[in-house]
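# Fold and geometry: a report
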Amino acid sequence: MNAVDIIVKKRDGGELSPAEIDFFIQGFTQGTIPDYQAAAWAMAVYFQGMSDAETTALTQAMAESGEQLDLHDSLPPGTVIVDKHSSGGVGDKTTLAVGPVVAACGLPVGKMSGRGLSFTGGTIDKLESITGWSPELSEAQFRRQLRAIGLVIAGQTADLAPADKALYALRDVTGTVPSLPLIASSIMSKKLAAGADAIVLDVKCGHGAFMETLKEANALAKLMVAIGTRAGRKVVALITQMEQPLGNAVGNALEVEEAIASLHGQGPADFQTLVEQVATEMLLLGTPQGTTLDADTAREQVRHAITSGAALAKFRAFVVAQGGDGALVDEPARLPHAPVQVEVPAAAAGVVQAVDSRAIGLAVVALGGGRHKKGDPIDYGVGVIVHAKVGDAVEAGTPLCTIHAASREAAHDVMEQIIGAYTVADGAREPLPIVYGRVAEAQG
Ligand code: URA
């Protein structure tokens with residue numbers, strides 16, 4: 001078996017055997033298959049796709065490429081370990097709020113998160129805008145914090161699904177992110193290796209997501225639910241709207257500030273709704289065997305965690321435990337802020353028909369809030385605050401959004417792109433729904 005034959009077979013539309021996939025993933029992880037061959041293979045998969053059997057084998061090979069965690073012995077007997085994962089969107093700071101809410105309800109959340117990918121942001125980059133906060137924890141620290149606080153968000157360790165870690169970074173810079181089998185295997189390999197008993201998947205759908213149509217998002221949701229079910233895990237996937245940015249803030253520190261607002265119950269309505277829904281699904285999946293919890297009671301618990309201040313206190317404790325400055329949680333206005341803010345006014349009166357989230361996400365990357373190549377530094381303060389969303393009526397001159405930039409020149413460089421992201425026209429437009437659907441068990 002050799003790497004070139006496997007690349008050629010996939011390039012020509014052949015179906016790879018589990019042994020071939022295993023050989024390729026092991027070789028890539030151990031460094032005997034170099035980046036350029038892995039990139040060529042990823043491009044072949046991008047164009048040719050994979051059968052469900054290939055995707056399952058790829059998921060398994062990546063999950064087994066490193067250590068596999070079992071956190072049960074760090075938690076009270078009977079605890080169901082529930083994880084969540086988003087397929088990636090613009091303004092998606094859901095984990096920052098859902099983690100503390102669920103932990104405040106008594107269900108421990110020990111989570112590995114990723115960095116920004118293409119035009120979407122990443123939880124770890126966002127949290128790193130909090131001075132001192134670190135995603136790097138030893139396994140012993142991870143377990144200790146999970147026991148003590150019930151909330152840990154760490155970077156993917158080098159030992160956990162290392163094949164995905166390397167492939168993810170390579171895909172980000174080779175145009176091979178939006179591939180259904182690569183996304184499904186990437187997400188599910190991490191979740192399986194991290195030892196979750198149950199997983200809530202947030203499958204983003206729309207122009208600001210890797211899955212642009214409901215058909216694609218449904219296919220991804222079903223594929224991931226099927227992979228998880230085959231591996232003996234309980235999986236629920238929500239298919240959620242990503243036509244326009246989630247909430248108002250796009251950009252690392254701006255999103256942390258908005259997540260903190262949501263923990264005060266003061267987040268934008270669409271974001272607050274999604275946080276409640278994802279947290280509710282996690283509580284339902286986390287119900288220990290032999291006990292029952294109905295959706296209304298779970299939702300009540302979620303709301304109480306927010307109104308009582310327990311979720312905010314949990315977030316603060318988590319930030320401090322990972323070396324962050326807790327005072328920034330109390331005064332989020334002190335998080336990094338860009339020196340220049342430029343409003344983008346509506347050219348004419350009308351109703352907002354569309355806000356192209358991908359264009360906004362790419363503009364934030366161009367401002368320095370994301371990466372063009374592996375390892376690029378991030379400017380935490382830059383971003384965009386979206387003021388007008390789909391369905392909002394605006395007058396000529398009403399601010400549609402505000403650009404937060406490192407300089408006036410940088411703001412002007414993205415101005416046209418941001419103006420082009422907005423469609424304002426006559427005619428009523430319904431606000432967009434936040435959740436399109438739910439997939440709960442393997443079908444077909
Ligand atoms: N999130 C992941 O973890 N992997 C992908 O490939 C895309 C989104």
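Residues numbered from 1 in each chain as written. Predicted model: local features only at pLDDT ≥ 70, side-chain atom pairs only at ≥ 80, totals over all residues. Heavy atoms only, no water.

## Some thoughts on the domain arrangement of the protein
Domain assignment breaks the protein into domain 1 (3-49), domain 2 (72-331) and domain 3 (337-425). Interface area for domain 2 against domain 3, summed over the two sides, is near 2,200 Å², with a carbon-plus-sulfur share of 55%. Of all residues in domain 2, Phe119, Gln244 and Leu254 bury the most surface against domain 3, accounting for 25% of the area lost on that side. Connecting domain 2 to domain 3 are three salt bridges. (Domains from an automatic or database assignment. Buried area = accessible area lost by both parts, 1.4 Å probe. Salt bridge = Lys/Arg side-chain N within 4 Å of Asp/Glu carboxyl O.)

## Brief notes about the layout of surface pockets
Of the volumes computed, that of the largest pocket is approximately 840 Å³. Surrounding the largest pocket, 44 residues form its lining, Ser113, Gly114, Arg115, Gly116 and Tyr168 being those nearest its centre. Mapped by element, the contributors of at least two residues to the lining of the largest pocket are β1 (82-86), α5 (94-104), β2 (109-113), α6 (123-127), β3 (151-155), α8 (162-172) and α9 (180-193). Counting residues per element, the lining of the largest pocket draws most heavily on α8, at five residues. Built from parts of two domains, the lining of the largest pocket gets at least three residues from each of domain 2 (72-331) and domain 3 (337-425). (1 Å grid on protein atoms, 1.4 Å probe; cavity = no way out; pocket = protein on both sides within 12 Å on 5 of 7 lines; lining within 4 Å. Points joined across faces, edges and corners; volume = space filled by probe spheres on them. Helix = DSSP H or I, 4+ residues; strand = E, 2+ residues; numbered from the N terminus.)

## Observations concerning the pattern of salt bridges
If you walk through the whole model with that rule in mind, you get 22 salt bridges. A salt bridge links Asp83 to Lys111; the nearest nitrogen and oxygen atoms lie 3.7 Å apart. Residue Asp83 is found in strand β1, and its partner Lys111 is found in strand β2; the two are separated by 28 residues along the sequence. Like Lys111, Asp83 is buried. Note that Asp325 is salt-bridged to Arg334, the shortest N-O span being 4.0 Å. By relative accessible area, Asp325 is classed as partly exposed at 28%. Taking relative accessible area as the criterion, Arg334 reaches 46% and is therefore assigned partly exposed. Through salt bridges with shared partners, a single ionic network connects Arg115, Asp125, Glu128 and Arg371. (Buried < 20%, exposed > 50% of the residue type's maximum accessible area, 1.4 Å probe, protein only.)

## What about the site of the ligand?
In the region of the ligand, the neighbouring residues are His85, Ser87, Leu117, Tyr168, Arg171, Ile183, Ser186, Ile187 and Lys190. A distance of 2.7 Å separates a nitrogen atom of the ligand from a polar atom in the side chain of Ser186. Its free accessible area being 240 Å², the ligand has 97% of it covered by the protein chains. Among the secondary structure elements, those contributing two or more residues to the shell around the ligand are α8 and α9. (Near = heavy atom within 4 Å. Polar contact = N/O pair within 3.5 Å; in protein donor to acceptor, adjacent residues only side chain to side chain. Areas by Shrake-Rupley, 256 points an atom, 1.4 Å probe, with all protein chains shown as cover.)

## Quick word on the sheet that holds strand β10 (residues 393-394)
Read from one edge of the open sheet, three strands run β10-β8-β12, paired in antiparallel fashion. At either margin of the open sheet sits one strand with a lone partner, and together these are β10 and β12 (422-425). Of the strand pairs in this sheet, strand β8 (residues 350-355) and β12 are connected by four bridges, and their pairing is antiparallel. Across the sheet, the residue bridging to Ala354 is Thr423, located in β12. Running at roughly 45° to β12, helix α17 (residues 408-421) makes contact with β8 and β12 of the sheet. (Pairing = 2+ DSSP bridges. Contact = heavy atoms within 4.5 Å. Axes fitted to C-alpha atoms, helices over the stretch in contact; angles between N-to-C directions.)

## Regarding empty space enclosed by the protein
In this approach, a probe sized like a water molecule rolls over the atoms, and the result shows the empty space that is left. For the coordinates displayed, the defined rule picks out one cavity of 30 Å³ or more. When its volume is computed, the largest cavity comes out at roughly 160 Å³. Taken together, 22 residues line the largest cavity, and the ones lying closest to its centre are Phe119, Thr120, Gly121, Gly369 and Gly370. For the lining of the largest cavity, the secondary structure elements donating two or more residues are α6, α11 (252-263) and α16 (357-369). Element by element, the count of residues in the lining of the largest cavity is highest for α16, at four residues. Grouping the amino acids of the lining of the largest cavity by side-chain chemistry returns six nonpolar, eleven polar and five charged. Taken together, domain 2 (72-331) and domain 3 (337-425) each give at least three residues to the lining of the largest cavity, which thus spans both. (Nonpolar A, V, L, I, M, F, W, Y, C, P; charged D, E, K, R; others polar.)

## Comments concerning the nonpolar core
Formed by 107 residues in total, the largest nonpolar core has its most connected members in Val101, Ile130, Leu201, Val203, Phe315 and Ile403. When residues of this core are sorted by domain, at least three fall in each of domain 2 (72-331) and domain 3 (337-425). With residues near it in sequence (within four places) discarded, Leu201 still touches His85, Ile187, Met188, Met224, Val235, Val236, Ala237 and Leu238. Counting residues in hydrophobic clusters, the runner-up holds 23 residues, among them Leu16, Ile25, Met50 and Met62. (Core = buried A, V, L, I, M, F, W, Y, C linked by side-chain atoms within 4.5 Å.)

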